[in-house]
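Here are the chains, one letter per residue:
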Amino acid sequence: MRRAVLAVALAAAFLPACAGADRPEGVVERWLASLNQGAAGRPDRYAPSALSDAILPGWRDLDPGGLDAIEVGRGTGGSRAAVPLRVARLDGSELRATAIVRRTPLGWRVVDLAPARPDLPLPSEGGPPIAAAAAAWWLGALGLALAFGLASEILMGLLRRR
C-alpha cells in the first residue's frame, strides 16, 4: 500500500511539469511540417485552412515534400505572439511572413499571416535561434538530472529492502 501511495505522490508531483510547455514557435514549426506532408498532413490542427493554402496552395492534393525549406525564428511574447517564418517551395518561390499566433484554451493556434517584420529576423539573417540556453541552464539541467537519478536509486534501494 505504501508503494502505491508513493508512486501516486511522485506522479502527482511531476506530471504538471510535462504540461503546457508549448511555445508559439513550436506550433508554427509543427504547422509548417504538417503542411509539408501534403494530403497526409493535418495542418488544420494548428491553423485555418485558408492560411495553409496561402503557404502551399493545393496542399490537400500534393504528395509529401511540397516545401523545400522551412525556417522559423523566435517570436514575441504574450498571449498573442508574432513569429517570423520563411518557406521555400519546390517551384523556387519563397515566402517570408510573420505568423500571428494566439493562445487559446487548447493551446497556441496560428490565426493570421502578416508581412515580414524587420524587427523579427530569422536565424539565417542573424536573428537569435529559437532556443538558445545559456551554459548555466545546461549545468542546472545536468545537476537536476543527476539529483533525479540519485533520488531514484535511493527510492529503489528503500523499496528493495522491504
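Scroll up a little and you will see the structure.
What comes next concerns the included structure.

About the criteria used
Residues numbered from 1 in each chain as written. Predicted model: local features only at pLDDT ≥ 70, side-chain atom pairs only at ≥ 80, totals over all residues. Heavy atoms only, no water. Helix = DSSP H or I, 4+ residues; strand = E, 2+ residues; numbered from the N terminus. Buried < 20%, exposed > 50% of the residue type's maximum accessible area, 1.4 Å probe, protein only. Contact = heavy atoms within 4.5 Å. Pairing = 2+ DSSP bridges. Axes fitted to C-alpha atoms, helices over the stretch in contact; angles between N-to-C directions. Patch = residues over 30% accessible without salt bridge, like charges linked within 9 Å, V, L, I, M, F, W, Y side chains within 5 Å. Areas by Shrake-Rupley, 256 points an atom, 1.4 Å probe, with all protein chains shown as cover. Salt bridge = Lys/Arg side-chain N within 4 Å of Asp/Glu carboxyl O. Core = buried A, V, L, I, M, F, W, Y, C linked by side-chain atoms within 4.5 Å. Polar contact = N/O pair within 3.5 Å; in protein donor to acceptor, adjacent residues only side chain to side chain.

### Things to note about the overall build of the chain
So, point 1. In terms of regular secondary structure, the chain is built from four helices and four strands.
So, point 2. Counting helices and strands in the order they occur from the N terminus, the chain gives α-α-α-β-β-β-β-α.
So, point 3. With 162 residues in all, the chain has 30% of them scored as buried.
So, point 4. In the chain, the proportion of contacts linking residues at least 24 apart, taken out of those at least 6 apart, comes to 48%.

### Concerning the pairing of strand β4 (residues 107–115)
So, point 1. As paired elements, strand β3 (residues 94–104) and β4 share eight bridges and run antiparallel to each other. Residue pairing across strands places Thr-98 opposite Ala-114, the latter belonging to β4.
So, point 2. What sits between the antiparallel neighbours β3 and β4 is a turn of two residues.

### Structural notes on the sheet that holds β3
So, point 1. What the four strands build is an open sheet, ordered β1-β2-β3-β4; its pairing is antiparallel. A single partner strand is all that each edge strand has here, and the edge strands are β1 (67–72) and β4. Put simply, the sheet's adjacent strands are angled 30° from each other on average, direction ignored.
So, point 2. As defined by bridge partners, β1 adjoins strand β2 (residues 80–89) across five bridges and the pair is classed as antiparallel. Bridging across to β2, Leu-67 finds its partner in Arg-89.
So, point 3. Its contacts with the sheet put helix α2 (residues 24–35) on β1, β2, β3 and β4, and the angle it makes with β2 is roughly 30°.

### Quick word on a nonpolar patch on the surface
So, point 1. Nonpolar side chains collect at one region of the surface, where Leu-139, Leu-142 and Leu-146 lie side by side and expose about 340 Å² of accessible area between them.
So, point 2. With respect to the helices, strands and loops of the structure, Leu-146 is situated in helix α4 (residues 135–161).

### Side note on the nonpolar core
So, point 1. With 22 residues, the main nonpolar core has Val-28, Trp-31, Leu-32, Ile-55, Leu-85, Val-101 and Val-110 as its most contacted residues.
So, point 2. Residue assignment for this core shows that the elements contributing at least two residues are α2, α3 (49–55), β1, β2, β3 and β4.
So, point 3. Take this core: its biggest share by element is five residues, from α2.
So, point 4. When near neighbours in sequence (up to four residues on either side) are disregarded, Val-110 contacts Val-27, Val-28, Trp-31, Tyr-46, Ala-47, Pro-48, Leu-51, Ala-99, Ile-100 and Val-101.

### Comments concerning the environment of Thr-76
So, point 1. Of note, Thr-76 is situated in the loop between β1 and β2.
So, point 2. In this structure Thr-76 comes out as partly exposed when scored by relative accessible area, which is 27%.
So, point 3. Through-space distance from the C-alpha of Thr-76 to that of Leu-120 is 8.3 Å; in sequence the pair is 44 residues apart.
So, point 4. With near-sequence residues (within four places) excluded, Thr-76 lies in contact with Ala-81, Ala-82, Arg-117 and Leu-120.
So, point 5. A distance of 2.9 Å separates a polar side-chain atom of Thr-76 from the backbone nitrogen of Ala-82.

In short, the description is geometric, and any link to function would need to be established separately.
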